[in-house]
Amino acid sequence: MHIHILGICGTFMGSLALLARSLGHSVTGSDTGIYPPMSTQLEAAGVVIEEGYLAEHLQPAPDLVIVGNAMARGNEAVEYMLNQGLRYTSGPQFLSEQVLQSRHVIAVAGTHGKTTTTTMLAWILQYAGIDTGFLIGGVPLVETDEPRLQAAFAHSSHLGAASIDGHLGYFVIEADEYDSAFFDKRSKFVHYRPRTAVLNNLEFDHADIFADLNAIQTQFHHMIRMIPSNGRIIMPANTPSLETTIDKGCWTPIWRTAVESDGIDTGDDINAEEACWLAELTSMDGSQFNIIFEAESETLRGTVKWGMSGEHNVNNALVAVAAAHDIGVDVTLACEALSNFAGIKRRMELIGSIERATDSRIQVFDDFAHHPTAIHTTLAGAKNKLPGSKLWAIIEPRSNTMKLGIHKDSLAQSAQLADEVIWYEPAGLEWGLKEVVLAASVNNAQRVMSSTDAIIEYIASQVQDSGSGNHAIVIMSNGGFEGIHQRLLNAIAL
C-alpha cells in the first residue's frame, strides 16, 4: 500500500512513517521547514519527502493519506484530498489499528519528560532481551557495541515482536495529549488503550487547543477510563493535578513514586508515605542514585550510575524502572540498563566543545525545553553537572503556548539559575517579550534579542574576551532555531 503522510517531519509522524515502512508499505510525505534529526533519518530509511503541501504531491492518488495534526482546512493538499474523496486517517488512528490492537501497550504521558522516559523504558526492555516495539518523539543516542541494540535503536521507532512466548508483544508509546487531527480533536493517547500507563506530571500547556488545565485533565481521564483493572498506573506522589484527575474515577491499581535526597540538600524533597517506589539521590547532580521498591511483601533495590543529570531525569528513570518491573524485568537489571543509557538527541545533547589554550573549554548543548518548568529543571541539572562553568541560556519561545504568552509572567524566573540569559524574540510575537523580561525581578542578567546573528556575535565576543574559564551554553527550543548551534560553535572557534 502507498501511504502519503502530510506533516511527515513532525516527531510523531516521522516515527510513524518508519513503522509504516516496517509494515511493508511504500511511504512518501510532505512537509515544510524540513530539518534534522527527523529529516535525515527518514531520508536514510528511503522515505521520499516533498517540500510544501501541494495537490500534485497526491498525484497519482495514494492508497491512504495520514494527516498530521498541524494540517488545517484551507491547506492546498487537505482541500485536494477532501475534494477528490481520497481515503484518509489520523496518525494515532493508523497506529492503533495497524500496530497497537494486538500489543500490551505501555503509554508514557505527561506535560514533561515523555520522550526521555519513553526512550529509557524502551531501552530497559530491549536491554533485557525483550524485543519491544516503540515510538519515540525524538531520536535516541546509542553508544553500544551490541548489534541487536544498535539495530533496534537505529531510528526513533521500532516495530518489535507481535508476540513473545505465546503472549502479546509489548509496545512503548510516547502518549501525547495534543489533538489527533483537524477532524479528530481527541488527544492522541485516547486511541492507544494502554494496559500500563505512566503519568509523569500534568501542567497547563497547549493553550492553542485547551482552554485550561481542567480541559487537559478531562482528556487524561478519558485514557484512564480505558486502562483495565488488571493493568497498572504509575505516577509521582503528591502531584495535585494528577490526584484530582484520578479522583474523577479510577479502576486500576496505582504505584506512586518519589525522589529523596539521602542527605543531599536539593530543596525539592518529596515526603510521600504512600510511595512504594523511591529514588535516593547519592550525588548532587543526579548522576548516581538508588532505586528501592517496597510493596507486596518484598523489598527490591538497584543502583544507577549514568551520564545523565538532573532530578527530573531521576524521576524519569524511576517511573521507567517501575513500568519495566510491572511486566517482569528485574530491578537490578533495569538499573544496569540505565547505567548504560546514552540519552536522546536534543535533551542536554552536547553539540560541540572547544578546548582553549588556557586549559578551559566552551561547551554548546541543545535542549528541547519550551515550557517554564522544563527550562528550570534543565538549567538546574546543568548547573549541578557543570560546576565552575559560566552557565548561559539561549531560549526561543517557539511553542504555540509560548507564542500566545500564556506563561509569559513566569519565563524570566524560570531561567534564573543561568548566569546569563538571552531570549530570542522572533518577528510576529504578539506580546512584548522584552517588556516582560525587563519588568521581571530576577537575580541574573537577562536580555532580549531579535536576531540570531546578533546573539551569536554577542556570545562569541563575550566568551572570547573572557580569556579563561569554562562556559556552558545551553540552547533551548523545540525547533531548528535557524541552525544557531553549529553557527555559534563556528563563530567562537574563529
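Because the structure is predicted, anything quoted here is derived from the model rather than measured.

## Some words on the packing of aromatic side chains
Under the defined criterion, the tally for this structure stands at 13 aromatic pairs. Here the aromatic rings of phenylalanine 134 and phenylalanine 153 are separated by 4.9 Å at their centres, their planes lie at 15°, and the arrangement is stacked. Taken together, the residues span a long stretch of sequence, with phenylalanine 134 in strand S7 (residues 133–135) and phenylalanine 153 in the loop between helix H6 (147–152) and strand S8 (157–158) at a distance of 19 residues. Accessibility assignment for this pair places phenylalanine 134 and phenylalanine 153 in one class, buried. Aromatic rings pair up to connect Trp123, Tyr127, Phe134, Phe153 and Phe341 into one cluster. Lying over the aromatic face of phenylalanine 12, lysine 188 brings its terminal NZ or CZ to 5.5 Å of the ring centre. Residue placement shows arginine 232 over the ring face of tryptophan 255; its charged tip is 3.8 Å from the ring centre.

## A look at the sheet that holds strand S5 (residues 88–90)
Read across the sheet, five strands follow the order S3-S2-S1-S4-S5 without closing on themselves; strand pairing throughout is parallel. Of all the strands in the sheet, just strand S3 (48–51) and S5 have a single pairing partner and so form its edges. Here the strands of the sheet are splayed against their neighbours by 25° on average, with no regard to which way each runs. Taken strand by strand, helix H1 (residues 11–22) contacts strand S1 (2–6), strand S2 (26–31) and strand S4 (64–67), and its axis lies near 175° from that of S1. Each of S1, S4 and S5 touches helix H4 (residues 91–98); the most contacted strand, S5, lies at about 90° to it.

## Side note on the packing of H1 against H4
The packing of two helices is summarised by the inter-axis angle and the distance between the axes. Closest axis-to-axis distance for the H1/H4 pair is 11 Å, and the angle between their directions is 30°. Crossing geometry of H1 relative to H4 is assigned as left-handed. Taking contact as the criterion, the partners of Phe12, Met13, Leu16, Leu19 and Ala20 in H1 are, on H4, Gly91, Pro92, Phe94 and Leu95. Of the residues assigned to the contact of H1 with H4, the class counts are eight nonpolar, one polar and no charged.

## Remarks on the pairing of S4
Side-chain alternation along S4 places Leu64 and Ile66 on one buried face and Val65 and Val67 on a second face that is also buried. Note: S1 against S4, four bridges, orientation parallel. Paired with isoleucine 3 across the two strands is leucine 64, which belongs to S4. Note that S4 and S5 share three bridges and pair parallel. Bridging across to S5, valine 67 finds its partner in serine 90.

Parameters and conventions
Residues numbered from 1 in each chain as written. Predicted model: local features only at pLDDT ≥ 70, side-chain atom pairs only at ≥ 80, totals over all residues. Heavy atoms only, no water. Phe/Tyr/Trp six-rings, centres within 6.5 Å; stacked < 30°, edge-to-face > 60°. Helix = DSSP H or I, 4+ residues; strand = E, 2+ residues; numbered from the N terminus. Buried < 20%, exposed > 50% of the residue type's maximum accessible area, 1.4 Å probe, protein only. Lys NZ or Arg CZ within 6 Å of the ring centre and 35° of its normal. Pairing = 2+ DSSP bridges. Axes fitted to C-alpha atoms, helices over the stretch in contact; angles between N-to-C directions. Contact = heavy atoms within 4.5 Å. Left-handed = near helix turned anticlockwise from the far one by under 90°. Nonpolar A, V, L, I, M, F, W, Y, C, P; charged D, E, K, R; others polar.

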